Amino acid sequence: MEQRNIEDLLQAYAIGDVSDEEAERAEEAIAASPRLRDELARYERLFVLLVAAAEEEVKVPRDLRARVVWRIAMISYLNSAAELAGGLLGAYGRALIYYLRLA
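Let us look at the structure shown here. (Residues numbered from 1 in each chain as written. Predicted model: local features only at pLDDT ≥ 70, side-chain atom pairs only at ≥ 80, totals over all residues. Heavy atoms only, no water.)

### Thoughts on the overall build of the chain
Selection criterion: For helices the rule is a DSSP run of H or I covering at least 4 residues; for strands it is a run of E covering at least 2, with both sets numbered from the N terminus onward. Put simply, the radius of gyration uses C-alpha atoms, and a globule should come to 2.2 Å times the residue count raised to 0.38. Between buried and exposed lies partly exposed: a residue is buried under 20% and exposed over 50% of the maximum accessible area for its type, with that area taken using a 1.4 Å probe on protein chains only. Whether two residues touch is decided by their heavy atoms; if any such pair falls within 4.5 Å, the residues are in contact. In these tables, accessible area is a Shrake-Rupley quantity obtained with a 1.4 Å probe, and a residue counts as shielded only by the protein chains included in the view. His is not counted here, nor are the chain ends, while Lys and Arg score as positive and Asp and Glu score as negative. Lysine's charge is taken at NZ, arginine's at CZ, aspartate's at CG and glutamate's at CD.
Counting its secondary structure elements, the chain contains 4 helices and 0 strands. Helices and strands appear in the chain in the N-to-C order α-α-α-α. Here the C-alpha radius of gyration of the chain, 28 Å, is well above what a compact globule of 103 residues would show, namely 13 Å. The principal-axis extents of the C-alpha atoms in the chain amount to approximately 75 × 40 × 20 Å. A buried classification covers 18% of the 103 residues belonging to the chain. Long-range pairs, those at least 24 residues apart, make up 36% of the contacts in the chain between residues at least 6 apart in sequence. Put simply, the chain shows about 8700 Å² of open surface, and 58% of that area lies on carbon and sulfur atoms. Between the centroid of the 13 positive side chains of the chain and the centroid of its 18 negative side chains there is a distance of 18 Å.

### Some details on the nonpolar core
Under the convention used in this document: Only buried residues count toward a nonpolar core. Its members are Ala, Val, Leu, Ile, Met, Phe, Trp, Tyr and Cys residues joined through side-chain atoms within 4.5 Å.
Among the nonpolar cores identified, the biggest contains 12 residues, and these are I6, L9, L10, A12, V18, A23, A26, A29, I30, L36, L40 and Y43. Elements that contribute at least two residues to this core include exactly α1 (2-14), α2 (20-32) and α3 (34-55). Every residue in contact with Y43, bar those within four places of it in the chain, is listed here: L10, Q11 and A14.

### Side note on α3
Test applied: For a helix, the expected span equals 1.5 Å multiplied by the residue count minus one. The directions considered for the arc run from the helix axis to the C-beta atoms.
A rise of 1.5 Å per residue sets the reference length of α3, with its 22 residues, at 32 Å; its end C-alpha atoms lie 32 Å apart and thus fit the reference within 8%. All of the buried residues along α3 are L36, E39, L40 and Y43. When α3 is viewed along its axis, its buried side chains cluster within an angular range of 100° and face the same direction. In α3, the exposed positions that point more than 90 degrees away from the buried face belong to R45, V48 and L49.

### Thoughts on α2
Under the 1.5 Å per step criterion, the end-to-end length of α2 is 19 Å for 13 residues, consistent within 8% with the ideal 18 Å. What α2 keeps buried is the set A23, A26, A29 and I30. Each buried residue of α2 sits inside an arc of 135° when the element is viewed along its axis, so together they form one side. For α2, the exposed residues set more than 90 degrees away from the buried face come down to D20, E21, E28, A31 and A32.

### Focus on the packing of aromatic side chains
Condition: To pair, rings of Phe, Tyr and Trp, with the six-membered ring standing in for Trp, must have centres within 6.5 Å; the planes then decide the type, stacked if under 30 degrees apart, edge-to-face if over 60, and tilted in the middle.
Under the definition given, this model contains 1 aromatic pair. Here Y43 and F47 contribute two aromatic rings whose centre-to-centre distance is 6.5 Å and whose plane-to-plane angle is 20°, an arrangement assigned as stacked. With Y43 and F47 both in helix α3, this residue pair falls 4 residues apart, about one helical turn.

### Concerning a nonpolar patch on the surface
The following threshold applies: Surface patches are defined over residues having more than 30% relative accessible area and no salt bridge, joining like charges when they lie within 9 Å and nonpolar side chains (Val, Leu, Ile, Met, Phe, Trp, Tyr) when within 5 Å. Criterion for a salt bridge: a side-chain nitrogen of Lys or Arg within 4 Å of a carboxyl oxygen of Asp or Glu.
Side chains of L84, L88, L89, L96, Y99 and L100 sit close together on the surface and give an oily, nonpolar patch of about 690 Å² of accessible area. Tracing the sequence through the fold places L88 in helix α4 (residues 64-100).

Structure below.
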């Protein structure tokens, strides 16, 4: 049970989000276990990558909103047209809609 608690603690230890008592427990366990040292090194590398990714500026296309609205409108229109065609043409219309993958 103690080993499991240390493994759960490694993530918080890697970013320094532990109490002094928890840090001491983690350091003792890490010093005694090569596997825990490797796992801690992986967490540290992961957090470095996450910080770098969070700092990277995300560029959103100017027309993104218009494209999303257009796509939603088009899907709604096609669904309505498919329902109408299915209702008007009966089984043949539904088969056609299924075949064309409109619904």
